[in-house]
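# Chains, contacts and geometry: an overview
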Amino acid sequence: AAGVIQSPRHLIKEKRETATLKCYPIPRHDTVYWYQQGPGQDPQFLISFYEKMQSDKGSIPDRFSAQQFSDYHSELNMSSLELGDSALYFCASSLDSTSTDTQYFGPGTRLTVL
Amino acid sequence: AQTVTQSQPEMSVQEAETVTLSCTYDTSESDYYLFWYKQPPSRQMILVIRQEAYKQQNATENRFSVNFQKAAKSFSLKISDSQLGDAAMYFCAYMQGGSEKLVFGKGMKLTVNP
């Protein structure tokens with residue numbers, strides 16, 4: 001079965017640089033979610049989109065922005081990167097956010113900020 | 001705010017034996033969902049099992065079952081016939097009905113000894 005695809009899988013950036021993470025949800029899933037998992041931490045919800053509209057927002061820094069496109073893929077844009085942004089970034093997708101559907105996670109993008 | 005507590009940071013079990021992972025949560029809501037996710041060394045987040053709060057029957061998925069005690073706000077995961085591949089971090093997670101955000105516990109590392 002098709003799963004959530006995230007690219008790139010690994011990314012190394014310098015401080016103050018920008019990064020773009022991409023997420024391709026499971027086919028027919030219309031909702032995507034972004035989570036950040038720091039080293040040794042539990043995942044923290046950042047933001048979600050349903051039908052290309054932002055549907056919920058968590059502890060996402062102002063330096064980060066995200067959007068969902070017409071093909072339902074999503075991008076997380078991160079600017080002015082800081083050392084503390086080093087983490088595993090997960091994208092998850094679900095079929096219908098209105099029914100509290102189960103979220104299926106991608107493999108994650110490991111971001112390292114030097 | 002809802003919180004999820006996993007009080008045991010680590011546990012170990014012998015192969016083929018049974019182990020129970022504990023989780024408690026705090027909420028004043030009546031409509032919510034509970035999940036167990038597994039994170040093996042690959043760091044992929046894999047759904048293990050899901051429980052709707054309105055359902056009295058405990059969820060079961062093959063060797064995995066839950067003991068959902070709504071009044072006590074307890075949601076434990078039982079793994080029967082433990083296998084080496086069950087070794088992973090296990091996260092308990094809560095989602096309020098109508099919300100998009102998963103709230104995770106701090107996780108518990110399970111070791112399976114041959």
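Our structure is the block above this text.
Below is a summary of the structure that appears in this document. (Residues numbered from 1 in each chain as written. Chains lettered and ligands numbered in written order. Predicted model: local features only at pLDDT ≥ 70, side-chain atom pairs only at ≥ 80, totals over all residues. Heavy atoms only, no water.)

The next thing to look at is the state of the cysteines. All names here are of chain A. Under the defined criterion, the tally for this structure stands at 2 disulfides over all chains. The disulfide partner of cysteine 23 is cysteine 91, and the gap between their sulfur atoms is 1.8 Å. A torsion of -55° about the S-S bond marks the disulfide between cysteine 23 and cysteine 91 as left-handed. Separated by 68 residues along the polypeptide, cysteine 23 in strand β3 (residues 19-24) and cysteine 91 in strand β9 (residues 87-94) bring together distant segments of the chain. Comparing cysteine 23 with cysteine 91, the two get one shared label, buried. (Disulfide = S-S within 2.5 Å. Helix = DSSP H or I, 4+ residues; strand = E, 2+ residues; numbered from the N terminus. Buried < 20%, exposed > 50% of the residue type's maximum accessible area, 1.4 Å probe, protein only.)

Quick look at the environment of histidine 29 of chain A now. Residues and elements named next belong to chain A. Relative to the elements of secondary structure, histidine 29 occurs in the loop between β3 and β4 (31-37). Since its relative accessible area comes to 10%, histidine 29 is described here as buried. Once you skip the residues sitting within four places of it in the chain, histidine 29 turns out to touch Tyr72, Ser93, Ser94, Leu95 and Tyr104. Engagement of the side chain of histidine 29 in a polar contact is seen with the side chain of serine 93, the distance being 2.7 Å. (Contact = heavy atoms within 4.5 Å. Polar contact = N/O pair within 3.5 Å; in protein donor to acceptor, adjacent residues only side chain to side chain.)

With that settled, consider the packing of aromatic side chains. By the definition in use, this model includes 15 aromatic pairs over all chains. Taking 5.4 Å as the distance between ring centres and 40° as the angle between the ring planes, the aromatic pair formed by tyrosine 35 of chain A and phenylalanine 105 of chain A counts as tilted. Remark: phenylalanine 105 of chain A occurs in strand β10 (residues 104-105) and tyrosine 35 of chain A occurs in strand β4; sequence separation between them is 70 residues. With a relative accessible area of 0%, tyrosine 35 of chain A lands in the buried category. Considering the side-chain rings of phenylalanine 91 of chain B and phenylalanine 104 of chain B, the 6.1 Å spacing of their centres and the 85° angle between planes classify their relative orientation as edge-to-face. Taken together, the positions of phenylalanine 91 of chain B in strand β10 (residues 88-96) and phenylalanine 104 of chain B in strand β11 (residues 103-104) put the pair 13 residues apart, joining distant regions of the chain. When its relative accessible area of 1% is taken as the criterion, phenylalanine 91 of chain B is described as buried. Assessed through its relative accessible area of 5%, phenylalanine 104 of chain B is described here as buried. Ring pairs connect the aromatic residues Tyr35, Phe45, Phe90 and Phe105 of chain A together with Phe35, Tyr37, Phe91 and Phe104 of chain B, which therefore count as one cluster. (Phe/Tyr/Trp six-rings, centres within 6.5 Å; stacked < 30°, edge-to-face > 60°.)

Spatial relationships are all this shows, so hold off on functional conclusions.
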